[in-house]
Structure formats: C-alpha cells, structure tokens
Amino acid sequence: MAAAAPCGAVGQCRLQLLVLVAAAAAGRAAAATVRGGMLYPRESPSRELKELGGIWSFRADFSPGRDAGFEQRWYRQPLRQTGPVIDMPVPASFNDITQDPHLENYIGWVWYEKEVLLPQRWLQDDFSTRVVLRFGSAHYYSIVWVNGVQVVEHEGGHLPFEADISRIVQRSPGVPCRITVALNNTLTLHTLPPGSIQYMNDKTRYPKNYFVQNTRFDFFNYAGIHRPVVLYTTPSVYIDDITVTTTSSESVAMVQYQISVVGSELYSLSLSLRDQEGKVVATGSGPAGELKVPNPNLWWPYLMHESPGYRYFLEVKMQAQASGVPQEDIYTLPVGIRTVHVTSTQFLINGKPFYFHGVNKHEDADIRGKGLDWALIVKDFNLLRWLGANSFRTSHYPYAEEIMDLCDTYGIVVIDECPGVGIKMPESFGNKSLQHHLVVMEELIRRDKNRPSVVMWSVANEPASELPPAAYYFKTLIAHTKALDPSRPVTFVSDTNYALDHGAPYVDVICVNSYFSWYHDSGHLEVIPLQLTAQFENWYKTYQKPIIQSEYGADSVPGLHSDPPAMFSEEYQKALLKEYHSVFDKKRKEYVIGELIWNFADFMTNQGVTRVLGNKKGIFTRQRQPKSAAFVLRERYWKIANESSCLPPIIKSLSSQHVVHGITDYIISLV
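Residues numbered from 1 in each chain as written. Predicted model: local features only at pLDDT ≥ 70, side-chain atom pairs only at ≥ 80, totals over all residues. Heavy atoms only, no water.

(A) Seen up close, the UniProt feature "domain: Glycoside hydrolase family 2 catalytic" (unreviewed entry) in the protein. UniProt's entry tags residues 340–641 with the feature "domain: Glycoside hydrolase family 2 catalytic" (unreviewed entry), counted in the numbering of this structure. Within residues 340–641, the helical portion is 35% and the strand portion 16%, while the C-alpha atoms at the span's ends are 20 Å from each other. (UniProt positions renumbered as here; feature names shortened; annotations may be inferred. Helix = DSSP H or I, 4+ residues; strand = E, 2+ residues; numbered from the N terminus.)

What follows is the structure in structure tokens.
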C-alpha cells in the first residue's frame, strides 16, 4: 500500500539523502540502546516520577527536503521562534488530529517540544540524584535534545528508549527544561517494518517531485509520540536491571534472579518476595541467586484457574557508598511464577495443556491513532473477558507496557510479536536488515522478559519466507532470540506454502494465516473444510510441531445483511467462522493448539479499492460495538472454557444454557 506525500522542487535528492543519513545513524543509535536495562519507571521511596503527557508544541517540516529543521537548528531555540507551531497531544498519532490532509499522510521529519520545570530537589549540585528522560515509544526514528544538547537517538517504533539528562538540567537550576524531539516516519527496505519511497516521475500525471511511501502491511502507518513520556529519578548508584525466571513443582517454586547495579562496585543487595497480602514468603541477598517459595500460588491464564494472573512482588533494596555519601535505591518488580513447555502436539503452561482461544489486535482508534488511551485499553480488556478470550498476539508490533501490565494482572496470555511485518523484498533479508532485526529482538526481550503473560516470541508476520535468503535469516534470528531467552518458545507467522517455507524448520510452534473463501475461492464457503484440513495435515506431517491458526476471518460491514450469506455481510462472517470452527474442533484433539481470530476490532488502513474506511474484519467495530460474529465467538470460547478440566467446580456445574452469563459474572467478580 502507498501513502502519498507531496514533495517540493528539490525534495527528491534531499529526502533520499536524509533517509540514508538516518539509516546509517540508526545502526549506531540502536546498538547503543541495548546496553543496560530498561526497567519500567515506578515510584518508590528512592524514585520519583513526573509525567509529561498533555499538549506539546508541534511543527511538521514541509520544506522541499524535509531538512529545514536541521539546517536552521530548530533545537537550539524554542520551537515557536522557528515558525508557526500547533498544539499536539502526547501520547497520540499526529495524523488525524487536524483537518490538514497533508499532515494526515505526511512523510518526513516532524518536531515536538515541551518545556517543563523540575523540582528543586532534583537539581542539587551534589549530583546524588540521577534524572532520566524516557519515551515509551515514538515512530520511527527519533533524535532528542534537552536545552539544545542532543541526548539520544533511537531507531524504530513500539519500544522504549531513554537518556540520563542529569548533568544538563543540574547545570541550570530554575531554568525550564526544554525537550525537543525530531521524529521521522520514513520507512526503508532495512527498517522494521520495511518500506520504500517511490518517486512518481511522470510529470503528465503527478506534480513535480511527487512521491509515495510504499509499505507491504495492511494497517495505517500512524506516526508520532505514541506512548507516555516521563522524567524519573534514581540515586546516582542505582538498580539498572532485574532478570527473573521461575520453575515450580506442586509444593515448591524456585525464583532465579540476576540484578545489575550501575554507579559503584561497592554495594549490597537484599531481596524480599511478598505475596498479594504483603506477607514475605522468601528473602535473599546478592546480585544473583535463587528464592525458594513453599506452596506457591502459580500464575494461571484467565479461565484456567479460579485466581488467574496471580503475582508476587519482588522488592530489591540496594545500599551503597558514593563519594562517601550513603545511597539507597528500592525497586519492586511484579513476578508471576509459571512454566512453559512445548511438545510435538501440546502447549503446556504449568504442566497443563493450554489452548489459545483468542484474538489478534491492533493499537488503533479514532482520532488518537496508535496513541495510548487508558479508556480504550480498559474497554478492550472488558471485551476480551466478556468474549471469553484467554490470549492475543501483539500483531504486528510490541504493544504498550501499560497493556502488557494488564495482561499480567488479568491472566491474558500473549504471543509477543516484534515489528517484523511486511518483510517481502529480497533486499530486506540482507545483513543490514538482519542486524537491525537482532537489535529489535534484544530491545523487546529486555523490556518484556519478566512478564508471565508472555509465553512465546514471534519474530515476524507473513514474511516472504519462501525466498532462499530467508533460511539463513530466520535460522540466525531465532537462534539469537533463544540465546537471549531460553525460557520461551519462538515462532513466526507464515502464509507461505508449507513445502516452500525456509523458516519453519527453526520455530517451536507453527503459526499459520489463511483466508479460505475470502482472498481466494471468494464466496465459496464449501471449500473451507477440505482446504483447511489439508493445510493442517500438510504442515503437521512435514514438521511434527503443534499448530496455531494465527489468523482467519472475513470482512463484514456493520448492519449489512444477506441471506443466503454474501461477502461483506454479517451473515457471511458468521458462516465463515463456523466452517473454520468445525475443522478446529476435530484437529484440536490432535495437534492444533490455538485459534486467533482476525481481528478483534475494525482498524484503519491506507485507502484502496478493497478498503472502505479501513479493514472490516473485526468482530467489533472500531468503536467497540459487537457485530454478529462476536456472539458466535463468545459462545464458542466459553464452551471451550467450560470443557476445561482446570475450571473450578462452581463453573463446571453451570448448565450449558447459562454457561456464558454464569461464567462471565463469576470470573469478572474474581478479577
């Protein structure tokens, strides 16, 4: 798909140069970001937090080469002094905020600015306090200055980055801290996701130097500062990272930990693990060790246990000396005790078979685009639990940390996917792309490694894995991912023919997308049983690995009805789902371990003749109202849950007539 963006008279050479410069710098910046930890900022007796959400100043660089901001050094002065600025909410995508169609489809550099006063206690000249500026994510290439001094660069959206700005702000107490961000949403063949700039040189059809951003993914390429921006403090000697893994038996669990401290080599560490009532159940000391937890409460998925999402809280306390001054840092990490294991036919959580009955989602909504919105997040989790969904895939990029926190809390199982979507061209399988992909997986695992809800990593969605270079690419990428985290299985999602897929030999679980009777054999529901059965049997016979139907579905326009079912009607979407479900019910007795509908809700895409205001494959509208298919899926998911031997007796005793309402009321009362 292509997003059009007009360019000025000398724009072609300058924009190409700017993209190349950004891409070259990206390797340096990305390599630097994987050093150290990336703990989620939490307040504690030793740490303070200041949120910077709200209205920022904003200016898009509409100069011919999109480079006026750098040539004129906009970061050296307040942005309003460089020219016209507008108000822009953060977090939010900038595309749909105004009535300007040029901004909606803008490609290039945009500039954000925020001035903030810091508490005086943060600015003491003894440098005992460390001040950190953190971005939850920004799309896609970011350069950040504080008071005109560059502090960090970062390539890629969806993942956090931060900078220690202590020396800059503590040199000028009482002066507002001016934060300037230059953000570029241009995609190249070596970014994740990939894309390309295409210049339309036919002057009889296009304006001079007209170009489009081509992508090979089916969602709108929203851009902006999408997640929270915060300032937080730590002591100058501080807890930098914590890594936790767990094992368990019926009567005891072991929590292995590793802790890194930065700022001094002379420190002590003490640890206390508390249950949800605040009772200390285990203690430890030192930077690495093991905590023994008797009679543990395990972390169970939603609908697998009467107390899903149980978490302990690991309090880490560090004491140190810095320049003769005692320092203390305290950080508390939520911990879920659970195990994951994959056999040739099953996916086991805590030793019990787990069946994924869930959804694929998008971070997408009216007006704010991909910007984090608490009301929408809570609504979505209420709908997930109403639906009886126990899982989702973060299609097709890592979701906000705030969303992941609720997955941990509610027991929603996550297949955590990196932004490896649209990898279709041979150039995107070269060493340059691979090196960036490796860094992205390092950043993703660093962020989410301690989350019990994350049970599997997905390194890509629908790549051109039939191409010969894909063999080395995915062998290397998956091996690297497993080396970073040996505790979780790894997959990628394929739509390639089973016999031609060069990446499938290296995954632990086969994830397959297919749209029988939609994108081919359109309108012919009768072909689904035969084709879907053959799909499963061919994949399993070839690889002897459990299979998840990671996408299936059909578009439906809300309120459009047809009997007999016709494409785009609500009846056709329902009928297609039921045909798939009949095959799932046979194969889940063998080696099919999950089904994830595409999609949870309608979402925006680029304009095209097959997309009427976006993709309509949601079982909910973009405004989160249910279509008929939502009730089909709800009945199915609660029925599957009721068949589970893991549910408590009160749920098992409910009659099938009342199973949906009864289980829903019971589970929601628990969480």
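(B) Broad picture of the packing of helix α7 (residues 431–448) against helix α8 (residues 469–484). α8 packs onto α7 with a crossing angle of 25° between their chain directions and a minimal axis gap of 10 Å. As the angle between them shows, α7 and α8 are arranged roughly parallel. As for how α7 packs across α8, the hand of that crossing is right-handed. On the side of α7, the interface is formed by Asn-431, Ser-433, Leu-434, His-437, Leu-438, Met-441, Glu-442 and Ile-445, while α8 contributes Tyr-472, Tyr-473, Thr-476, Leu-477, His-480, Thr-481 and Leu-484. Residues of the contact of α7 with α8, tallied by class, amount to 8 nonpolar, 6 polar and 1 charged. (Axes fitted to C-alpha atoms, helices over the stretch in contact; angles between N-to-C directions. Parallel < 35°, antiparallel > 145°, perpendicular 65-115°, else oblique. Left-handed = near helix turned anticlockwise from the far one by under 90°. Contact = heavy atoms within 4.5 Å. Nonpolar A, V, L, I, M, F, W, Y, C, P; charged D, E, K, R; others polar.)

(C) Quick look at the side chain of Arg-338. Checked against the element boundaries, Arg-338 lands in the loop between β22 (325–335) and β23 (340–342). One buried charged side chain, Arg-338, makes no salt bridge at all; its nearest oppositely charged neighbour is Asp-485, positioned 7.0 Å away. At a separation of 2.8 Å, a polar atom in the side chain of Arg-338 contacts the main-chain carbonyl oxygen of Val-454. Those residues in contact with Arg-338 that lie beyond four places of it in its chain are Thr-246, Trp-299, Asn-350, Arg-451, Pro-452, Val-454, Val-455 and Arg-488. (Buried < 20%, exposed > 50% of the residue type's maximum accessible area, 1.4 Å probe, protein only. Lys, Arg positive; Asp, Glu negative; His and termini not counted. Salt bridge = Lys/Arg side-chain N within 4 Å of Asp/Glu carboxyl O. Polar contact = N/O pair within 3.5 Å; in protein donor to acceptor, adjacent residues only side chain to side chain.)

(D) Inspection of the domain arrangement of the protein at higher detail. For the protein, the assigned domains read domain 1 (37–185 + 221–235), domain 2 (238–335) and domain 3 (340–644). Computed over C-alpha atoms only, the centres of domain 1 and domain 2 are separated by 32 Å. If you look at the interface, domain 1 gives 13 residues, while domain 2 gives 12 residues. Carbon and sulfur atoms make up 52% of the surface buried where domain 1 meets domain 2, a total of about 1,100 Å² over both sides. Considering only the surface of domain 1 that becomes buried against domain 2, Leu-39, Arg-42 and Pro-235 emerge as the three largest contributors, covering 45% of it. There are 1 salt bridge connecting domain 1 and domain 2. One can count 9 residue pairs in polar contact (both at pLDDT 80 or more) joining domain 1 with domain 2. (Domains from an automatic or database assignment. Buried area = accessible area lost by both parts, 1.4 Å probe.)

(E) Focus on the pattern of salt bridges. Tallied over the full model, the rule gives 30 salt bridges. Where Asp-485 meets Arg-488, a salt bridge forms, and the shortest distance between an N and an O atom there is 2.8 Å. Among the residues examined, Asp-485 registers a relative accessible area of 6% and is labelled buried. A relative accessible area of 5% means that Arg-488 is categorised as buried. Lys-587 is the salt-bridge partner of Glu-590, the closest N and O atoms lying 3.7 Å from each other. Residue class for Lys-587 comes out buried when judged on its relative accessible area of 8%.

(F) Structural view of the environment of Asn-201. Looking at the element boundaries, Asn-201 is found in the loop between β12 (195–200) and β13 (210–215). Among the residues examined, Asn-201 registers a relative accessible area of 58% and is labelled exposed. Separated by 401 residues in sequence, Asn-201 and Asp-602 have C-alpha atoms that sit 35 Å apart.

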